[in-house]
Amino acid sequence: MKSLGVGLIGTGYMGKCHALAWNAVKPVFGEGARPRLLHLAEVSADLARQRADEFGFEKSTGDWRQLIADPDVDIVSITTPNQFHAEMTIAALAAGKHVWCEKPMAPTLDDAIRMRDAARKAGKVAVLGYNYIQNPSIRHIDKLLREKTIGTVNHIRVEMDEDFMADPEAHFYWKSASSSGYGALDDFGVHPLSLVTTLIGPLARVFSHQAKPYPDRPLKEGGRRTVETYDIATTLVEFENGVSGMIALNRSAWGRKGRLGIQIFGAEGAIVFEQERMNEIQLYTLKERDTERGFRTILTAPHHPPYDKFLPAPGHGLGFNDLKIIECRQLLNLIEGKPAVAITFEEGVEIERAVHAMARSHAEQRWVSPKE
Ligand SMILES: NC(=O)c1ccc[n+]([C@@H]2O[C@H](COP(=O)([O-])OP(=O)(O)OC[C@H]3O[C@@H](n4cnc5c(N)ncnc54)[C@H](O)[C@@H]3O)[C@@H](O)[C@H]2O)c1
């Protein structure tokens with residue numbers, strides 16, 4: 001089998017995660033040919049060379065267009081800030097490359113649709129960085145729901161909270177500018193949306209409220225700048241199958257480091273998951289006598305695939321970067337024509353429609369359908 005030539009654009013937080021995944025996917029899963037880490041792009045030639053040496057890439061460039069023009073690159077990881085995703089992915093797809101692009105697709109719905117159309121036209125695989133759906137715990141929750149372990153689901157509540165913007169004196173940076181999108185809605189909201197649409201189904205309508213806890217922030221170079229994005233967003237949701245729910249987001253929630261809390265309630269039980277304890281599922285069912293009923297903790301283990309690909313021992317736990325390795329393998333499955341768990345640009349556009357419906361709901365103070 002031919003080895004895929006990998007290009008990586010951007011080497012910050014997510015760039016490193018993609019690089020680790022590309023390095024680890026073969027040793028973890030064993031399938032297919034080992035990807036060839038071929039070309040890396042950053043904002044300057046010096047930074048690109050330094051990162052290429054650290055991450056194990058052969059070539060480097062300070063101009064991402066050179067990477068896309070490289071005939072040996074078969075697939076491009078795009079891990080730059082949101083406003084560059086459309087231009088970079090569309091160029092990569094037009095050059096006949098597969099794409100693995102970080103979420104969200106783009107700040108505007110028009111650009112997200114252009115990205116999806118470019119993927120359709122190119123006939124290439126285009127997958128988004130929705131790592132949380134890859135967690136063996138989440139996959140098991142999905143199985144429990146399909147097996148009706150908690151009966152018919154009637155309500156889901158998802159809360160995503162972090163505190164990297166909690167300090168009023170945290171610097172203004174690209175996530176504070178409207179060029180990145182609305183704020184918590186597209187930075188965070190897309191993750192809960194990837195989870196709820198996977199676990200429950202399509203949304204019928206949403207009612208949202210966004211908030212800015214701090215009106216301005218200091219600039220690194222001195223002075224202050226008005227914050228253009230909302231760090232908080234709260235949304236009531238209703239699914240096409242009648243399930244009700246809520247998605248609450250806060251990037252300025254002191255004490256919350258990587259919280260993605262999910263509660264699912266059914267007619268015969270409940271399931272609770274916390275991303276900060278990502279190897280555990282809490283399950284409550286009616287199978288026990290009511291004198292012994294209570295939530296019990298299920299620890300992920302080799303019988304929760306694909307945990308078994310990482311470790312033979314139960315309860316040792318996977319981490320965030322492992323989710324990216326699983327996502328990378330799913331992307332390769334799609335390229336190899338195999339079944340995969342992935343959010344492609346097709347499903348990604350539906351998530352973007354939901355985000356824009358939420359923003360419109362806030363602006364117009366009414367229920368909005370993502371299909372409007
Ligand atoms: N999937 C997840 O859980 C997750 C988590 C965090 C961020 N993200 C997404 O990943 C993307 C990047 O976020 P991040 O936190 O890694 O940002 P970051 O600021 O840490 O890294 C961005 C990198 O892109 C580089 N870059 C910027 N412009 C470039 C250009 N023109 N050419 C080449 N390189 C360029 C920057 O120098 C930087 O190294 C965003 O879209 C974000 O929403 C996803």
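We now turn to the structure provided with this report. Everything quoted here is computed from the prediction, not taken from an experiment.

How each quantity is defined
Residues numbered from 1 in each chain as written. Predicted model: local features only at pLDDT ≥ 70, side-chain atom pairs only at ≥ 80, totals over all residues. Heavy atoms only, no water. Near = heavy atom within 4 Å. Polar contact = N/O pair within 3.5 Å; in protein donor to acceptor, adjacent residues only side chain to side chain. Areas by Shrake-Rupley, 256 points an atom, 1.4 Å probe, with all protein chains shown as cover. Helix = DSSP H or I, 4+ residues; strand = E, 2+ residues; numbered from the N terminus. Nonpolar A, V, L, I, M, F, W, Y, C, P; charged D, E, K, R; others polar. Buried < 20%, exposed > 50% of the residue type's maximum accessible area, 1.4 Å probe, protein only. Pairing = 2+ DSSP bridges. Right-handed = clockwise from strand over helix to strand, strands pointing away. Axes fitted to C-alpha atoms, helices over the stretch in contact; angles between N-to-C directions. Parallel < 35°, antiparallel > 145°, perpendicular 65-115°, else oblique. Left-handed = near helix turned anticlockwise from the far one by under 90°. Contact = heavy atoms within 4.5 Å. Arc of directions from axis to C-beta.

This part covers the site of the ligand. Near the ligand lie 26 residues; those nearest to it are Met-14, Glu-42, Asn-82, Lys-103 and Asn-131. Contacts to the ligand include Asn-131, whose side-chain N or O atom sits 2.7 Å from a nitrogen atom. Within the side chain of Trp-174, one N or O atom sits 3.3 Å away from an oxygen atom of the ligand. Alone, the ligand offers 850 Å² of accessible surface; in the complex the protein occludes 84% of this. Secondary-structure elements contributing two or more residues to the shell around the ligand are helix H1 (13-29), helix H4 (85-94) and helix H9 (320-335). Considering only residue class, the shell around the ligand consists of 12 nonpolar, 10 polar and 4 charged.

Take the pairing of strand S4 (residues 75-78) next. What you see with S4 is no split at all: Ile-75 and Ser-77 on one side and Val-76 and Ile-78 on the other are buried throughout. Relative to S4, strand S1 (residues 5-9) is paired through 4 bridges, and the arrangement is parallel. Its bridge partner lying in S4, Leu-8 is registered against Ser-77. With H4 bridging S4 and the parallel strand S5 (residues 98-101), this β-α-β connection has right-handed handedness.

Next up on the list: the packing of H1 against H9. Running from amino to carboxyl end, H1 crosses H9 at an angle of 65°, the nearest separation of the two axes being 8 Å. Our classification of the angle between H1 and H9 gives roughly perpendicular. Crossing hand, H1 versus H9: right-handed. Contact residues: Tyr-13, Met-14, Cys-17, His-18, Leu-20, Ala-21, Trp-22, Ala-24, Val-25, Val-28 and Phe-29 in H1; Phe-320, Asn-321, Lys-324, Ile-325, Ile-326, Cys-328, Arg-329, Leu-331 and Leu-332 in H9. Classifying every residue of the contact of H1 with H9 gives 16 nonpolar, 2 polar and 2 charged.

Of note, the bond from Lys-103 into Pro-104 is cis; its omega dihedral lies within 30 degrees of zero at -15°. A cis amide bond, omega 0°, links Pro-305 with the succeeding residue Pro-306. You can see Pro-306 is positioned in the loop between strand S16 (296-299) and H9. Non-glycine residue Lys-148 carries a positive phi angle of around 60°. Take Lys-148: it is sitting in the loop between helix H6 (136-146) and strand S7 (153-161).

It is worth spelling out the sheet that holds strand S3 (residues 59-61) at this point. Strand order in this open sheet of 6 strands is S3-S2-S1-S4-S5-S6, and the pairing throughout is parallel. Taken across any chain shown, the strands that pair with only one partner, and hence form the sheet edges, are S3 and strand S6 (126-128). Within the sheet, the average angular offset between the axes of one strand and its neighbour, ignoring direction, is 15°.

The next subject is helix H2 (residues 45-55). For H2, the full list of buried residues reads Ala-48, Ala-52 and Phe-55. In an axial view of H2, the angular spread of the buried residues amounts to 80°, which keeps them on one side of the axis. Away from the buried face of H2 by more than 90 degrees, exposed residues Asp-46 and Asp-53 are located. The positive-phi residue at the C-terminal boundary of H2 is Gly-56, with phi of around 90°.

Let's shift gears to the sheet that holds strand S14 (residues 269-274). With mixed pairing, 8 strands are arranged side by side in an open sheet as S8-S11-S12-S7-S13-S14-S15-S16. Looking at the sheet topology across the chains shown, the edges are occupied by strand S8 (203-211) and S16. Taken over all neighbouring pairs, the strand axes of this sheet differ in orientation by 15° on average, direction set aside. Both S7 and strand S12 (residues 244-250) contribute to a ladder of 7 bridges, which runs parallel. Pairing of Glu-159 across the sheet is with Ala-248, part of S12. Across the sheet, helix H10 (residues 345-364) is in contact with S8, strand S11 (232-239) and S12; its angle to S8 comes to roughly 55°.

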